[in-house]
Amino acid sequence: MHIGSHVSIAGGLLGAAQEAYSYNANTFMVYTGAPQNTVRKPLDDLKIDEGKEFMKEHGIEDIVVHAPYIINLASYKENTYTLAKEFLAKEIERSSAFGSKYIVLHPGAYTDKTAEYGIERIAEGLNTVINAGIPDITICLETMAGKGSEIGRSFEELKAIIDLVDKKEYIGICFDTCHTHDSGYDIINNFDGVISDFNRIIGLDRLKVFHINGSLNTCGAKKDRHANIGADETNPKGKDCIGFEAINYIVHHEKTHGHPFILETPWISKTENLYKQEIARLRGEII
Ligand code: FE
Ligand code: FE
Ligand code: ZN
């Protein structure tokens, strides 16, 4: 099982791989720079070869890149939309240089337009980027929690985007447990039913990456606030409403087998996180 967490890119790809190793992870996810802006270090400064060497030596593979939040392919504003397409194309190049097979993308938010408008706009943006020629990578549209006007809150919305993309072989899905739960899918009591709906609507062949997070809220709350896996009331970041059993069931499920599992759970303080414990527990190493 490939399991890891989001890690920092501040020390380049080498620093990211070393941080992952410190959690006993065998995969990880990074942003290629700050998620909220477009400032990016040149690739030459990101210790890519050293990072790849370290990963090879320590059995870390199948890594994931997350595109920054500022990319909104559903925007009707021309400057936002143009920047989104241009920046996504650059991020795809950077992901490929990192040796990642996947770039996770929030589909977009339609703001004052409609979901239909947003879906078409996203697909048109993806077509522009993909048809211009990109490296061999899968753009993984993330399942979203459904807060505000974000698109991707149902399998049907994601499917509607994919239907409008010309080169579908470049498109996959990142399944986020917090988000699907928050958007109303009962992954606690009926993950089998949820994954079979996914298969019927989108197709399991599109499923590439998992974000494994608890949620501070109940099913259908549409909030998107992540919790530590199985956290109880004593956790300073709050109680997980999904629970360890449900997440553990998902990561060991036959239909999720072979995909990277990435934790995006909250840090307890500026200097402390639970990634190492969460990973060990999901591997069955500690109870
Ligand atoms: Fe995300
Ligand atoms: Fe996520
Ligand atoms: Zn989230």
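Described below are features of the structure shown in this document.

### Notes on the coordination of the zinc ion (ligand 3)
Then, in step 1: At this site the zinc ion (ligand 3) is bound by His179 (NE2), Asp224 (OD) and His226 (NE2), with donor distances of 1.9 to 2.2 Å.
Then, in step 2: Expressed as a motif, the donor residue spacing for the zinc ion (ligand 3) is H-x44-D-x1-H.
Then, in step 3: The distance between the zinc ion (ligand 3) and the iron ion (ligand 1) is 5.4 Å.
Then, in step 4: Under the relative-accessibility criterion, aspartate 224 is labelled buried at 18%.
Then, in step 5: By relative accessible area, histidine 226 is classed as partly exposed at 21%.

### A short note on the coordination of the iron ion (ligand 2)
Then, in step 1: At this site the iron ion (ligand 2) is bound by Glu142 (OE), Asp176 (OD), His211 (ND1) and Glu264 (OE), with donor distances of 2.1 to 2.2 Å.
Then, in step 2: For the iron ion (ligand 2), the four donor atoms are set out with angles of 81 to 170° between them, so the coordination reads as irregular.
Then, in step 3: We note that the donor set of the iron ion (ligand 2) lies within a single chain, spaced as E-x33-D-x34-H-x52-E.
Then, in step 4: A separation of 3.2 Å is found between the iron ion (ligand 2) and the iron ion (ligand 1), which are bridged by glutamate 142. Residue glutamate 142 is found in strand β6 (residues 138-142), and its partner aspartate 176 is found in strand β8 (residues 171-176); the two are separated by 34 residues along the sequence.
Then, in step 5: By relative accessible area, which is 0% here, aspartate 176 ends up buried.

### Some thoughts on the side chain of lysine 85
Then, in step 1: Position of lysine 85 relative to the elements: it lies in helix α3 (residues 78-97).
Then, in step 2: Apart from the residues within four sequence positions on either side, lysine 85 is in contact with Leu73, Gly125, Thr128 and Val129.

### Concerning the sheet that holds strand β4 (residues 102-105)
Then, in step 1: Spatially, β1-β2-β3-β4-β6-β8-β9-β12 is the arrangement adopted by the eight strands of the closed barrel, whose pairing is parallel. Each adjacent strand pair in this sheet contributes to an overall mean axis angle of 30°, direction not counted.
Then, in step 2: Relative to β4, strand β3 (residues 64-66) runs parallel, the two sharing three bridges. Directly across from histidine 66, in β4, lies its bridge partner valine 104.
Then, in step 3: Seen against the sheet, helix α4 (residues 115-131) touches β4, β6 and β8 and runs at an angle of roughly 165° to β6.
Then, in step 4: Sheet strands in contact with helix α7 (residues 191-201) are β8 and β9 (207-212), and its direction is about 165° off that of β8.

Rules of the game
- Residues numbered from 1 in each chain as written.
- Chains lettered and ligands numbered in written order.
- Predicted model: local features only at pLDDT ≥ 70, side-chain atom pairs only at ≥ 80, totals over all residues.
- Heavy atoms only, no water.
- Donors = N, O, S within 2.8 Å, 3.2 Å for Na, K, Ca; no water.
- Buried < 20%, exposed > 50% of the residue type's maximum accessible area, 1.4 Å probe, protein only.
- Tetrahedral: all angles 85-135°; square planar, octahedral: opposite > 155°, others 65-115°.
- Helix = DSSP H or I, 4+ residues; strand = E, 2+ residues; numbered from the N terminus.
- Contact = heavy atoms within 4.5 Å.
- Pairing = 2+ DSSP bridges.
- Axes fitted to C-alpha atoms, helices over the stretch in contact; angles between N-to-C directions.

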